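Examination of the molecular architecture
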Amino acid sequence: DGGITQSPKYLFRKEGQNVTLSCEQNLNHDAMYWYRQDPGQGLRLIYYSQIVNDFQKGDIAEGYSVSREKKESFPLTVTSAQKNPTAFYLCASSVETAKTQYFGPGTRLLVL
Amino acid sequence: AQSVTQLDSHVSVSEGTPVLLRCNYSSSYSPSLFWYVQHPNKGLQLLLKYTSAATLVKGINGFEAEFKKSETSFHLTKPSAHMSDAAEYFCVVSLYNQGGKLIFGQGTELSVKP
């Protein structure tokens, strides 16, 4: 069954804690993306990766970090520097950049 | 600057009546345009895409959209609404000159009354 999986579905973060959101795809896509969605708003790009071992900042990268050690995986870490982390986080992938993006089911991050 | 404007934040229709969700775009280049749908607490699902082929694009679940360059519009339509169409809809432009970066509209929430 091909697609994009994100885990966990819900994640709780304590003050000063780093948390990592998982994104895995078995579509053999080169490009992967992380977006943040706030209530009543469209998506904003956090980071993207065009190929393994390479990634670039998006529009709102401050307080986040990523890695791309494997083609199928693109984890996002929300660091303690991100002061307003509560949001819905969506991962996407495409065959290559500038091609149609397909989205995972999302992770909702809440702050305790 | 490239941008996308969804003209209605909320649209309400009765089941069985037509749906029209409006989208205008601004782009210096010939754009790629998309409509995505999002059900509550779910990811985004691609409805349809325009990539400079036919101006009338047919998508899934009976939706279609027409690219009108003269009006810089890409409105989404469906002849007959179904209860399952109730969701948030996003009009999106892809910036080819910026590595395919997506610019999202603010979204239109579609309600369908029985």
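This part takes up the nonpolar core. Nonpolar side chains tend to gather and get buried jointly when the protein is soluble and globular. Residues and elements named next belong to chain B. Counting residues in hydrophobic clusters, the biggest one holds 28 residues, and the most contacted among them are Trp-35, Leu-48, Phe-74, Leu-76 and Tyr-89. Sort the elements by how many residues they give to this core and strand β10 (residues 87-95) lands first, with five residues. Dropping the residues within four chain positions of it, Phe-74 is found in contact with Cys-23, Leu-33, Phe-34, Trp-35, Leu-48, Tyr-50, Ala-65, Glu-66, Phe-67 and Cys-91.

Time to look at the pairing of strand β9 (residues 87-94) of chain A. All names here are of chain A. In terms of burial, β9 is largely enclosed, as eight of its eight residues are buried. Side-chain alternation along β9 places Ala-87, Tyr-89, Cys-91 and Ser-93 on one buried face and Phe-88, Leu-90, Ala-92 and Ser-94 on a second face that is also buried. Sheet topology note: the strand β4 (residues 31-37)/β9 ladder contains seven bridges and is antiparallel. The residue bridging Tyr-35 from the neighbouring strand is Leu-90, located in β9. Here β9 pairs with strand β11 (residues 107-111) via three bridges, running antiparallel. Bridging across to β11, Tyr-89 finds its partner in Thr-107.

Time to look at the environment of Leu-76 of chain B. Residue and element names in this part refer to chain B. Structurally, Leu-76 is set in strand β9 (residues 73-78). A residue is classified by how much of its surface remains accessible, and Leu-76, at 0% relative accessible area, is buried. The sequence separation of Leu-76 and Gly-59 amounts to 17 residues, and the corresponding C-alpha distance is 9.8 Å. Beyond its immediate sequence surroundings of up to four residues, Leu-76 is in contact with Val-19, Leu-20, Leu-21, Trp-35, Leu-47, Leu-48, Phe-63, Glu-64, Ala-65 and Tyr-89.

Right, let's talk about the state of the cysteines for a bit. Note: disulfide means a covalent bond formed between the sulfur atoms of two cysteine side chains. Counting across every chain of the model gives two disulfides over all chains. In this model Cys-23 of chain A forms its disulfide with Cys-91 of chain A; the gap between the sulfur atoms is 1.9 Å. Taking the sign of the S-S torsion, -70° for the link of Cys-23 of chain A and Cys-91 of chain A, the bridge is left-handed. Placement of Cys-23 of chain A in strand β3 (residues 19-25) and of Cys-91 of chain A in strand β9 is noted, with a sequence separation of 68 residues between them. Cys-91 of chain A matches Cys-23 of chain A in its accessibility class, with the two residues each being buried. At a sulfur-sulfur separation of 2.0 Å, the disulfide partner of Cys-23 of chain B is Cys-91 of chain B. Negative torsions about the S-S bond denote left-handed disulfides, and the value of about -70° found for Cys-23 of chain B with Cys-91 of chain B makes this one left-handed. Of the two residues, Cys-23 of chain B sits in strand β4 (residues 23-26) while Cys-91 of chain B sits in strand β10, which places them 68 residues apart along the sequence.

Right, let's talk about the side chain of Ser-94 of chain B for a bit. Tracing the backbone shows Ser-94 of chain B in strand β10. Ignoring anything within four residues of it in the chain, the contact list for Ser-94 of chain B reads Ser-32, Phe-34, Gly-100, Lys-101 and Leu-102 of chain B.

What follows is about the sheet that holds strand β8 (residues 76-78) of chain A. Residues and elements named next belong to chain A. One open sheet accounts for four strands, arranged β1-β3-β8-β7; its pairing is antiparallel. Edge positions in the sheet fall to β1 (4-7) and β7 (64-66), since each has one partner strand and no second. Across this sheet, the average inter-strand angle for adjacent strands is 20°, counted without regard to direction. Bridge count for β3 against β8 is three bridges, and the pairing is antiparallel. Residue pairing across strands places Val-19 opposite Val-78, the latter belonging to β8.

What follows is about the packing of aromatic side chains. Summed over the entire model, instances satisfying the criterion amount to 14 aromatic pairs over all chains. Centroid distance Tyr-64 of chain A to Tyr-89 of chain A: 5.9 Å. Interplanar angle 65°. Geometry classified as edge-to-face. Here Tyr-64 of chain A, found in strand β7, pairs with Tyr-89 of chain A, found in strand β9; they are 25 residues apart in sequence, far enough to count as distant. For the pair formed by Tyr-64 of chain A and Tyr-89 of chain A, the shared burial category is buried. Geometrically, the ring pair formed by Phe-63 of chain B and Tyr-89 of chain B is tilted, given 5.6 Å between the ring centres and 45° between the ring planes. A residue pair is termed long-range when its members are at least 10 positions apart, and Phe-63 of chain B in the loop between β7 (56-58) and β8 (64-68) and Tyr-89 of chain B in strand β10 qualify at 26 residues. The exposure class of Phe-63 of chain B is buried, given its relative accessible area of 2%. We classify Tyr-89 of chain B as buried; its relative accessible area is 2%. What links up through ring pairs into an aromatic cluster is the set Tyr-33, Tyr-35, Tyr-48 and Phe-103 of chain A together with Phe-34, Tyr-36, Phe-90 and Phe-104 of chain B. For Arg-68 of chain A, the ring lying beneath its charged end belongs to Phe-74 of chain A, and the centroid distance is 6.0 Å.

Rules behind the numbers
Residues numbered from 1 in each chain as written. Chains lettered and ligands numbered in written order. Predicted model: local features only at pLDDT ≥ 70, side-chain atom pairs only at ≥ 80, totals over all residues. Heavy atoms only, no water. Core = buried A, V, L, I, M, F, W, Y, C linked by side-chain atoms within 4.5 Å. Buried < 20%, exposed > 50% of the residue type's maximum accessible area, 1.4 Å probe, protein only. Helix = DSSP H or I, 4+ residues; strand = E, 2+ residues; numbered from the N terminus. Contact = heavy atoms within 4.5 Å. Pairing = 2+ DSSP bridges. Disulfide = S-S within 2.5 Å. Axes fitted to C-alpha atoms, helices over the stretch in contact; angles between N-to-C directions. Phe/Tyr/Trp six-rings, centres within 6.5 Å; stacked < 30°, edge-to-face > 60°. Lys NZ or Arg CZ within 6 Å of the ring centre and 35° of its normal.

Read these as geometric descriptors, not functional statements.
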